[in-house]
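Here is how the chains run, residue by residue.
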Amino acid sequence: MGQCTSVSFRWLIFLILLLLSARGSSDDVTMTSCAELSIDNGAVYRTTDSAQSHNILVECYEGFKIKGNSVLKCEDGWVGLPQVPSCYKITYCPFERAAICGDGGNHGDELLCDVQSTHNDTHLQHGDKVFLSCNPGYMLSRDPQYLVCSENGEISLNPPSCVTSGGACTISQSNVTQYFLDESSVGTVQHGASKTIKCKDGYEMKKEKTSVSALCLNNVFEGIELKNLCSFRGFNIEITHESDDKNEETDDTGKLIFDKNKKVTLVCLVNSQTGDGLPFPDVTWVYPTRLRDYVEHKDGDSFIHHEYNRSAVQAYENLYFAEEKLYKAKGTITLSPTMDVHTGQYTCVVKLVDQMLSQSIEIKIRNEFATAMYFLLIVPVVLFIIVHCFYRKANTMKPLPHP
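All figures in this text were calculated on a predicted structure; none of them were measured in a lab.

Looking at this structure, how should I read the overall build of the protein?
Helices and strands together make up the secondary structure of the protein, namely six helices and 29 strands. The burial tally for the protein puts 31% of its 403 residues in the buried class. Sequence separation of at least 24 residues holds for 53% of the intrachain contacts in the protein that already meet a minimum separation of 6. As displayed, the protein offers around 26300 Å² of accessible surface, 54% of which is attributable to carbon and sulfur atoms.

What follows is the structure, encoded as structure tokens:
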């Protein structure tokens, strides 16, 4: 009985090992299989080959493009294959940029295009896109934000447009007058658009510019303040004089010297540094301090001298000089008759809005009293010297001897 049991156990072990061996041998000799693929307008290449798996590569012929996965793995069937890849004929969509897009020159509401093409910018392939955008201050009126080349070789020619996304900027007539702008600057500029702003003749911007391109964003010109944009170039000042004094002279410092009781007229001619000399500035003569104290005191003041009031008269006029083709403002001050109190510095002050410039001239009136006093002092001295000399000479003469 024991021997029978032992033999039976051995046969059981043998049968189990035989079954396991048979199963293993079956796996080693049986290769996995995948359905053969045949691609129209393309070719299939096996890239790897083993007992366990293999891969294939699908390539389309020239003029065709693959749709789906180009690399497939065979492992108990095609791995990750929702559908069999195919090769379709490549179609092209003619694209005329100028018909849809602007030139990128920041011209307000123009449509901007960014072509993402695998071929070129004029012939898009199926699937290529043209992304659309707008200049600053503008936005697309609707979706889509791109155009796409379809399988049938067509591209949408009904793109969205660019519309303003903010408020406009306005330059009024008062702005032109207040900030010295050119008349051409007046108008309304839409948000996102640019406008050329010019300065009035005779005014300029920094770095000697006369105009600037200003971009309007949300009611404000970006980076520009109109009130600080234009500044005045300046004035040309010329001071001359006239007099009836034949003894008039000029000393080494440039000071004009006149006799008393003469008529002297100081003339200040001013023109703006513009093509025609306009606009006219205001011209005023400022008296020397001593004369101003006399002339400007009110009636009843003990320092008032009516003759001084009448001796300094100012006048102002605007003139046109045909030979120079210039408009000039003329300010004159007439001193008549000249007196001691007229000696001093006269300043021509020129003003135009917030601009001011000045130039001075100095005159001196000869003091007759001082000359007379000098004469009265020098004559006695001279007489004393003469008398003294004769006296000494008289004392040095020896007496005649007695007979």
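Would you mind showing me how to read the environment of Glu242 here?
On the secondary structure map, Glu242 appears in strand E21 (residues 235-243). Counting along the chain gives 21 residues from Glu242 to Lys263, while the straight-line C-alpha distance between them is 8.3 Å. With residues up to four places along the chain from it excluded, the contact list for Glu242 reads Lys263, Val264 and Thr265.

Which parts of the structure should I look at to understand the pairing of strand E16 (residues 194-198)?
The side chains of a regular strand alternate between both faces of the sheet. Side chains Lys195 and Ile197 project from E16 onto a buried face, and the interleaved Ser194, Thr196 and Lys198 project onto a face without burial. Pairing of E16 with strand E18 (residues 211-217) involves five bridges; the strand directions are antiparallel. Along E18, the bridge assignment pairs Ile197 with Val212.

In this structure, what is going on with the layout of surface pockets? I would like to understand it.
The gaps left among the atoms become clear once a water-sized probe is rolled over them. Of the voids in this model, the largest pocket is the one considered here, and its volume is about 230 Å³. For the largest pocket, the full set of lining residues is Met205, Lys206, Lys207, Lys209, Val212, Gly223, Ile224, Glu225, Asn228 and Leu229. Of the residues belonging to the lining of the largest pocket, the class tally is four nonpolar, two polar and four charged.

Just checking my understanding: could you explain the sheet that holds strand E22 (residues 249-250) for this structure?
Consider a sheet: its strands pair through backbone hydrogen bonds, and that pairing is either parallel or antiparallel. Strands sit in the order E22-E23-E29-E28-E25 across an open sheet of five strands; the sheet is mixed. Two strands close off the open sheet at either side, each with one partner strand: E22 and strand E25 (282-286). Where strand E23 (residues 256-258) lies against strand E29 (residues 355-365), three bridges are found, and the strand directions are parallel. Its bridge partner lying in E29, Leu256 is registered against Ile363.

Where do I start with the environment of Trp285 in this structure?
Summarising the element assignment, Trp285 is placed in strand E25. Classification of Trp285 as buried rests on a relative accessible area of 2%. Considering only alpha carbons, one finds Trp285 and Gly331, 46 residues apart in sequence, at a separation of 7.2 Å. Discounting chain neighbours no more than four positions away, the residues touching Trp285 are Ile239, Leu266, Val267, Cys268, Gln314, Gly331, Thr332, Ile333, Tyr346, Thr347, Cys348 and Ile361. One polar contact links the side chain of Trp285 to the main-chain carbonyl oxygen of Gly331, over a distance of 2.9 Å.

Honestly, the sheet that holds E18 in this entry has me stumped. Any pointers?
Spatially, three strands are ordered E16-E18-E19 in an open sheet, and the strand pairing comes out antiparallel. On the outer flanks of this sheet lie E16 and strand E19 (220-221), each paired with one strand and no other. Relative to E19, E18 runs antiparallel, the two sharing two bridges. Residue pairing for E19: Cys216 is matched across the bridge by Phe221.

Sorry, what's going on with the packing of aromatic side chains here?
What characterises a pair of aromatic rings is the spacing of the ring centres plus the angle enclosed by the ring planes. Considering all chains together, one arrives at six aromatic pairs under this definition. Relative to Tyr146, the ring of Phe131 has its centre 5.8 Å away and its plane inclined at 55 degrees; by these criteria the two rings are tilted. Placement of the pair is Phe131 in strand E10 (residues 129-134) and Tyr146 in strand E12 (residues 146-148), with a sequence separation of 15 residues. We classify Tyr146 as partly exposed; its relative accessible area is 33%. Plain terms: the ring middles of Tyr320 and Tyr327 are 4.6 Å apart, the flat faces sit at 50 degrees to each other, and that makes the pair tilted. On the basis of relative accessibility, which here comes to 30%, the residue Tyr327 falls in the partly exposed class. Each residue in the set Phe180, Tyr203, Phe232 and Phe235 is aromatic and connected to the rest through ring pairs, giving one cluster. We note Lys129 situated over the ring of Tyr146; from NZ or CZ to the ring centre the distance is 4.4 Å.

Which parts of the structure should I look at to understand the state of the cysteines?
Working definition of a disulfide: a covalent bond connecting the sulfur atoms of two cysteines. The final tally for this structure, using the stated rule, is seven disulfides. At a sulfur-sulfur separation of 1.9 Å, the disulfide partner of Cys60 is Cys87. Of note, the bridge from Cys60 to Cys87 carries an S-S torsion of about -85 degrees and is left-handed in sense. Taken together, the residues Cys60 in strand E2 (residues 54-60) and Cys87 in strand E6 (residues 86-89) connect sequence positions 27 residues apart. Taking relative accessible area as the criterion, Cys60 reaches 22% and is therefore assigned partly exposed. For Cys87, a relative accessible area of 9% gives the class buried. Here Cys268 engages in a disulfide with Cys348; their sulfurs sit 2.0 Å apart.

Before we go on, may I ask you to explain the pattern of salt bridges in this structure?
Close approach of charged atoms lets side chains of opposite charge pair. Under the definition given, this model contains seven salt bridges. Taking the shortest distance from any N to any O, the salt bridge between Glu362 and Lys255 comes out at 3.8 Å. Of the two residues, Glu362 is situated in strand E29 and Lys255 in the loop between E22 and E23; the sequence distance between them amounts to 107 residues. Among the residues examined, Glu362 registers a relative accessible area of 34% and is labelled partly exposed. Under the relative-accessibility criterion, Lys255 is labelled partly exposed at 21%. A salt bridge links Glu317 to Lys330; the nearest nitrogen and oxygen atoms lie 4.0 Å apart. In this pair, Glu317 sits in strand E26 (residues 312-321) while Lys330 sits in strand E27 (residues 326-335), placing the two residues 13 residues apart along the sequence. For Lys330, a relative accessible area of 22% translates into the label partly exposed.

Cut-off values and rules
Residues numbered from 1 in each chain as written. Predicted model: local features only at pLDDT ≥ 70, side-chain atom pairs only at ≥ 80, totals over all residues. Heavy atoms only, no water. Helix = DSSP H or I, 4+ residues; strand = E, 2+ residues; numbered from the N terminus. Buried < 20%, exposed > 50% of the residue type's maximum accessible area, 1.4 Å probe, protein only. Contact = heavy atoms within 4.5 Å. Areas by Shrake-Rupley, 256 points an atom, 1.4 Å probe, with all protein chains shown as cover. Pairing = 2+ DSSP bridges. 1 Å grid on protein atoms, 1.4 Å probe; cavity = no way out; pocket = protein on both sides within 12 Å on 5 of 7 lines; lining within 4 Å. Points joined across faces, edges and corners; volume = space filled by probe spheres on them. Nonpolar A, V, L, I, M, F, W, Y, C, P; charged D, E, K, R; others polar. Polar contact = N/O pair within 3.5 Å; in protein donor to acceptor, adjacent residues only side chain to side chain. Phe/Tyr/Trp six-rings, centres within 6.5 Å; stacked < 30°, edge-to-face > 60°. Lys NZ or Arg CZ within 6 Å of the ring centre and 35° of its normal. Disulfide = S-S within 2.5 Å. Salt bridge = Lys/Arg side-chain N within 4 Å of Asp/Glu carboxyl O.

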